[in-house]
Amino acid sequence: MAVQWKRRLARSKAGYLFLLPWLVGFFGLTLGPALASLYLSFTRFDLFRAPKWVGAANYVRIATDDPNFMASMRVTFLYVACSIPLKLAVALALAMVLNRGIRGLPIYRALFYLPSLLGASVAVAILWRQLFAGDGLVNALLANFGIQGPSWISNPHYALWTLVLLSIWQFGSPMVIFLAGLRQIPADLYEAANLDGASRPRRFFSITLPLLTPVIFFNFIVQMIDAFQSFTPAFIVSRGTGGPVNSTLFYALYIYQEAFSHFQMGYAAALAWILLLLIAAFTAFSFLSSRFWVYYDA
Amino acid sequence: MLETAPLAQGMSARRGAARRKPLRTAIVHSMLFAASVLMLYPLLWMLSASFKPQDEIFSGSLFPSSVSLDAYVRGWNGLSVSFGTFFMNSLVIAALSIIGNLAACSLTAFAFSRLQFVGRRLWFGVMLVTMMLPYHVTLIPQYVLFFNLGWVNTILPLVVPKFLAADGFFIFLMVQFFRSIPFELQEAAMIDGCGPWQIYFNIMLPLSKPVLATAAIFTFIFTWDDFFGPLVYLSDVRNYTVALGLRTFVDSQGLSDWSAVFAMSCLVIVPVFLVFVFFQRFLIEGIATSGLKR
Amino acid sequence: MNVRIDRRQFLLTGVAISAAGFSARRAVAADARLRMAWWGGKARAELTQKAIDLYVSKHPGVQVETEYLGWGDYWARLSTQTSGGNSPDIVQIDIEYLADYATRGVLLPLEPLIPKPLDVSDFQPDLLGNGKVDGKQYAVPCGVNAGALVLDKTAFDEAGVALPDHNTTWAQFESIMAEFTKRTPRKGMFGSTDASGSEAVLETWLRQRGKQLYHPDGTLAYDQTDMTGWFEMWEQMRSSGAAAPAEVEALDHGEVDSSLLSQGKAALAFENSNQFVAFQSLTKDQLALAPYPKVDSNSKGGLYIKPTMFYSISSQSKNPQAAAELLDFILRDPEATVILGGERGVPASASVRERLRPKMDAAGDAMVDYIDGLGDLAGTLPPPNPPGGSEVTDALIAASQEVAFKTKTAAQGAADFVEKAKQILDRAK
C-alpha cells in the first residue's frame, strides 16, 4: 500500500511540475480575489466603507425579494437556451462546408470570421440599431412583402432576440474550433468509408460526428459558461440599461449595475456566487453526460 | 514516425472529387457568396459610412457619392493622444499575451491530458470553476492586489496572468485537442526512454499546431477587444489600448462625428483580420496530423 | 526557422520599447505629484491639459498626471480606484454621485482649505451650497446650467406650429405637440419625446406643484398620488400623439446621439441648457431653447440654476494642500480660466464670468441668454440627492417603460415605483 502510494506520488512529480505556472497563478492571482468576493457576498459593501457582515441577508433577499433577479434569470436562460444551439449549428455547418478542398475557401473563412472580430465594439450598437429599429433595414425588407414590422430592438418582446441574433452572427470562434477539430480527423478513415461505398450522410454520422464530439463538447461547455456570463452585447446595445423594461437585463449586466452603479458590491457578489453555482451545476451535469456521447482517442 | 503518403493521397482524392464535380463546386461557391454578403452587409455599411460625409450616412444608398478619408484623419487624432500610440500599446500587450498563453496553457493542458498525478481531476474541476465566476465581483480584490504589487498603470496586470495560465478557456481548449492525439505515440516514445519533457516538446507541440494557432488567434482577438482590464488598470491615456481608446473616443464626444467612429471601428479590425489570415495557414497545416499512423 | 527568430526578435524589441516607455513615465521625481481625473472629450482634455501645463510651468516642483474617459467608464474606474485606495487627487464629480461618494468618506471636506489656498468667496452661495453634503463643502462647481427644452425650430416652422414659450402650460404643451405630430411633413416624427422616465423633468413638475424629489433628510418627498398623476399625464400625451410611443422612446438611451431629437424622431427634447451646443452640432436644422412647460400659468417654473459638474479632492490624497492650490488655479486664475472658457458650463465665479462674457461664441451666448432670461422661472436649489439616488433614477426609467409598454397601469406602476424607491433609499443609508 505504502509502496504503491510512493510510486504514485513519484509519478505525480512530473504532473505538478507541468502544472506549476497554473498553480502559481491560481494561488497567487485567482484564489484570493475569488475568496474575497465570497466573503463580500455575506456583507454589505458599498465599495468605499469597510464591509459589514450581514450573514446570509443578501442571499435571502435574492431568494425572496428581488424581482430583478427573477427577470434577469429569465432573460439569461432564454438567451442561453436559444443562442447556443443555433450558434453551434451554424458554426458546425459552415465549418463543414469550409473544410472541403475547394479553391478560395480560406477567403470565406476569413470573411465569415469578420463579424466576430468586431467583438464588443461600440459600432455594433449603431449597426444593430440601423438594422432593427422601426425604420431599420430589416423592416424595409419586410415592407416589400407587405409586412410592417415593429421596432425590434426597442420592443420588450423582441429586443432579446436581436441580441440572440447578434450572438449567432458572431459564430467565428466556435467555427474555427470546429475547423481545427475537423482537420484532426484522419483522412484515411474517410477513404476507407469511401471504399465501402458509404453515403455522405452516413460518413457524417458515423465518422465526422463521433470524432468531433470532443470538440463539440468543448464548444458547448465554453459557449454555455460564456453565455451565462454574457455581458457586453447588452451592455453595448442597451448602453448598460438592460432595457426596455428589463428585457435585456442579462444576469451579468445586473451584477455590474448593482456593483458599480448602485454601490451594492456585497449584493453583487452574492448574485455572482449564485451564478457560479448554477453554471457549475450545468457543467458538472454536462461532464457526467459526456461519458455517453463524447469519444476520446477513437 | 509520420507517414505522409496517405495524406497526399487523401488530399488529391478530395481535390479530384471537387474537380470532377464542377456543378457542385459552383453551387457551394454561390451559396457561400450569398451567405457572406448577407453576413457582411452590416460591415460593408459601416465601411461605406466611414467614407461618407456626415449628413449622407443615414440616407440610404450603400455607396458613398464621394470617397473621403477625412473621417480617418479626424478619428486618428480624436483624442489628445493619437490612435498610433493605442495601436502600439495593444500590439505589445497582445504579443506578450500570445506568448504567455501558448507557453503556460500548453504546459498545464499537457499535465491535465497526458500525465497521471494525484488530484488531477480535482484540479481540473477547480480550473473549470475559475472560468465561472463573473469577473466584475473579483475586480476590486484583484485591483487591490495589483495595486499593492505596484502594478497599476503598467501592463503587468494584463500580461502576467497570461504567463500563469489564468484563462481556463485556453487550458480547456488544449486539453480537448491533446486528448484526441493518439496515445500510441506517447507510449512508443516512453518505451524509447523519452521523459515527459521530450514528449511535450517533440510530440505534443509539433502535432498541435492547429490548436496552438487557434489559441494564438483567440488570444489576440480577446486581448485586442478587451476594454475592461485596460479601463481599470491603465489610467494614463498614453497607455490606453485600441479598444479603450475607441470607447473613450465614442463615449466622450465621438457620437457627434459618426463617420470618424466608423472609420476607427474599421481600422481597429484590420490588425486582427491580418492576424487571422496569417495564422490560418497553421490551421490548414493541421492536415499533417491526419497522416498519423494509427 | 529564420522567420521564427525574426519574429522573436521583433517581440523582444517590442517588449523592451514598451517597458522603457511604461517605466519612463513614472521615473521623474517631484515635490508634489498630483493626479486629476475627469470625464469628457478631446476639447476638454486639451484645454484642461493646457491649463495644467501653465500651472506646472509656474510651479516647477509639481507634477500632474491626468486621466480622462467617457462618462460611463469614468464611474466604473473611479469607484474601483477609490475602493482600492488609489483615487486621483482631484476628481470631477456629478451631482448624481456626489452624495454616494461624500457620505462614504472618500471625498475631503474642503473647509480647512478655504479661503486659502482655495478661494471661493465670489461664487454664488446657493451654487456652492449645492456642493455641500450634510453641511460640509465636499465639492465646488465648475460651471452652471439649467433644465431646458431643446427645440427643432426648423421642423416647427415647416409644420406651421408655433414653438412653446415661457408661458406654455402642460395642457397647452400637449395640444401643441399633438398638433405638430399631425401636421409635420416629416415621416415618423413626433412632437415631443416621452420624458416620463426623466427624473429632472419629474422634479421640475413636482416643484411647480410645491413639492420636491427629496426631503433634506434624504427621504422621498412625493407619493404614489403624485406619481400616478405624472404617469397619467404622459399616458395621455402618448395616446394623443403628442409624445413618442414607447417603442420609439426606448431607442433613446439618454445620450445626445441616441436622443430622439438627434435621430429626427421628435421635434424637441427635455435636456439641460449646456447640451445645446452638442445637439446643434448633430443637425443642420436650427435649434432653440425654451423652459419646461408649467402646471398652470400662475405656477412657479420649477427650474433652478445648478452646477453642471463639480471638482472634489479625494480624502485619499496625500497632498490635499497642493491639490487645492491647483484647483484654485483652474477655477480662478485669469489666464487659466480664459483657456478653459465655458467648456464645463458657464463659470460659477462671478468675476470669471465677467471676464469671459466678451469672449463667448454664439452658442455660449445662447446658453447665457437662456439662463439670464429665466427670471423667476428658476427657484432655489434643492438639497442634493441622497445615497441611492442614482439607483432611484434608474428605477424611474424602468417604471416609466413598464407603464408606456402597458405591462402596468399608471396607478400600478406608480405604486410599485414609490415602494421600490423607498426600499432603495433605506438600503443605501
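The rules behind these values
Residues numbered from 1 in each chain as written. Chains lettered and ligands numbered in written order. Predicted model: local features only at pLDDT ≥ 70, side-chain atom pairs only at ≥ 80, totals over all residues. Heavy atoms only, no water. UniProt positions renumbered as here; feature names shortened; annotations may be inferred. Contact = heavy atoms within 4.5 Å. Buried area = accessible area lost by both parts, 1.4 Å probe. Salt bridge = Lys/Arg side-chain N within 4 Å of Asp/Glu carboxyl O. Polar contact = N/O pair within 3.5 Å; in protein donor to acceptor, adjacent residues only side chain to side chain. Helix = DSSP H or I, 4+ residues; strand = E, 2+ residues; numbered from the N terminus. Nonpolar A, V, L, I, M, F, W, Y, C, P; charged D, E, K, R; others polar. Buried < 20%, exposed > 50% of the residue type's maximum accessible area, 1.4 Å probe, protein only. Arc of directions from axis to C-beta. pLDDT = per-residue confidence, 0-100. Pairing = 2+ DSSP bridges. Phe/Tyr/Trp six-rings, centres within 6.5 Å; stacked < 30°, edge-to-face > 60°. Axes fitted to C-alpha atoms, helices over the stretch in contact; angles between N-to-C directions. Right-handed = clockwise from strand over helix to strand, strands pointing away. Core = buried A, V, L, I, M, F, W, Y, C linked by side-chain atoms within 4.5 Å.

In the annotation of an unreviewed UniProt entry, chain B is listed under the name Carbohydrate ABC transporter permease and assigned to Dongia sedimenti. Taken from UniProt, the Subcellular location (unreviewed entry) comment for chain B reads in full: "Cell membrane".

Chain A goes by Sugar ABC transporter permease in an unreviewed UniProt entry, where it is assigned to Dongia sedimenti. Looking at the Subcellular location (unreviewed entry) heading of the UniProt record, one finds this comment for chain A: "Cell membrane". One UniProt comment on chain A, placed under Sequence similarities (unreviewed entry), says "Belongs to the binding-protein-dependent transport system permease family."

**Thoughts on the interface of chain A and chain B**
The interface is formed by 105 residues belonging to chain A together with 103 residues belonging to chain B. Both faces combined, the contact of chain A with chain B buries some 9,100 Å², and carbon together with sulfur accounts for 76% of it. Put simply, chain A and chain B have zero salt bridges between them. Where chain A touches chain B, the interface holds seven residue pairs in polar contact (both at pLDDT 80 or more). Ranked by residue count, the leading element in the side of chain A that touches chain B is helix α1 (residues 2–40) of chain A, at 25 residues. Partitioning the side of chain A that touches chain B into residue classes produces 74 nonpolar, 18 polar and 13 charged.

**Description of helix α2 (residues 57–64) of chain A**
Residues and elements named next belong to chain A. Regarding α2, the residues found buried are Asn58, Tyr59, Arg61 and Ile62. Along the axis of α2, the buried positions cluster into a sector of 160°, meaning they face one direction only. Along α2, the residues that are exposed and aim more than 90 degrees away from the buried face are Ala63 and Thr64.

**What about the confidence of the model for chain B?**
Should the pLDDT be low somewhere, the predicted coordinates at that spot are not to be read in detail. Here chain B shows a mean pLDDT of 82. Residues at 70 or above account for 85%. In the model, residues 286–294 of chain B has pLDDT below 50 throughout and makes 25 contacts with residues more than four positions away in sequence or in other chains.

**Comments concerning the interface of chain B and chain C**
With 40 residues of chain B at the interface, the matching set in chain C holds 34 residues. Interface area, chain B with chain C, both sides summed: about 3,100 Å², of which 60% is carbon and sulfur. Our enumeration of links across chain B and chain C arrives at one salt bridge. C:Asp73 is paired through a salt bridge with B:Arg247; the nearest N and O atoms lie 2.8 Å apart. Only α4 (83–114), α6 (135–148), α12 (228–233), α13 (242–252) and α14 (258–285) of chain B provide two or more residues apiece to the side of chain B that touches chain C.

**Some remarks on the pairing of strand β8 (residues 147–152) of chain C**
All names here are of chain C. Counted residue by residue, β8 has six buried out of six residues, so it is predominantly covered. Burial of the side chains of β8 extends over both faces: Gly147, Leu149 and Leu151 are buried on one face and Ala148, Val150 and Asp152 on the other. As paired strands, β8 and strand β11 (residues 287–290) are joined by four bridges and run antiparallel to one another. Looking at β11, one finds that Leu149 is bridged to Ala290.

**So, the packing of aromatic side chains**
What the rule picks out here adds up to 88 aromatic pairs over all chains. Where A:Tyr256 meets A:Phe260, the ring centres are 5.4 Å apart and the plane angle is 40°; that geometry is what we call tilted. Here the residue A:Tyr256 and the residue A:Phe260 both occupy positions in helix α12 (residues 251–261), the gap between them amounting to four residues, near one helical turn. For the residue pair A:Tyr256 and A:Phe260, the accessibility class agrees, reading buried in each case. Between B:Phe83 and B:Phe249, the aromatic rings sit 6.3 Å apart at their centres with planes inclined by 80°, giving edge-to-face as the arrangement. Taken together, the residues B:Phe83 in helix α4 and B:Phe249 in helix α13 connect sequence positions 166 residues apart. Exposure class is identical for B:Phe83 and B:Phe249. Each is buried.

**Details of the sheet that holds strand β1 (residues 32–39) of chain C**
Within a sheet, adjacent strands bond to each other through the backbone by hydrogen bonds, running parallel or antiparallel. Residue and element names in this part refer to chain C. The five strands are arranged β2-β1-β3-β14-β6 in an open sheet whose pairing can be described as mixed. Of all strands in the sheet, those with a lone pairing partner are β2 (62–69) and β6 (140–141), marking the two edges. As paired strands, strand β3 (residues 90–93) and strand β14 (residues 310–313) are joined by four bridges and run antiparallel to one another. Each residue of the ladder has a partner; that of Ile93, found in β14, is Phe310. Lying on the sheet, helix α3 (residues 71–83) is in contact with β1, β2 and β3; it crosses β2 at an angle near 130°. Packed onto the sheet, helix α12 (residues 320–332) meets β1, β2, β3, β6 and β14 and runs at close to 165° relative to β14.

**Quick word on the UniProt feature "transmembrane region" (unreviewed entry) in chain A**
Residues and elements named next belong to chain A. Per the UniProt record, "transmembrane region" (unreviewed entry) is annotated on residues 16–42, 77–98, 110–128, 158–182, 203–222, 234–256 and 268–288. The distance separating the terminal C-alpha atoms of residues 16–42 is 34 Å; by composition the span is 93% helix and 0% strand. Taken end to end, residues 158–182 is 88% helix and 0% strand, and its first and last C-alpha atoms sit 36 Å apart.

**Quick notes on the pairing of β2(C)**
Residue and element names in this part refer to chain C. Among the eight residues that make up β2, eight are buried, leaving the element largely enclosed by the rest of the structure. The alternating pattern of β2 places Val62, Val64, Thr66 and Tyr68 on one face and Gln63, Glu65, Glu67 and Leu69 on the opposite face, and all of these are buried. As judged from the eight bridges shared by β1 and β2, these two strands associate in the parallel manner. Note that in β2 the partner of Leu34 across the bridge is Val64. This β-α-β element, β1 to helix α2 (residues 42–58) to β2, shows right-handed connectivity.

**Concerning the nonpolar core**
Membership of the largest hydrophobic core comes to 337 residues, with the highest contact counts inside it found for A:Met265, C:Tyr101, C:Met227, C:Phe270 and C:Phe417. If one sorts the elements of this core by residue count, α4(B) sits on top with 15 residues. Setting aside residues up to four positions removed in sequence, C:Phe270 forms contacts with C:Ala148, C:Leu149, C:Trp170, C:Phe173, C:Ser192, C:Thr193, C:Ala195, C:Val201, C:Trp234, C:Tyr292 and C:Pro293.

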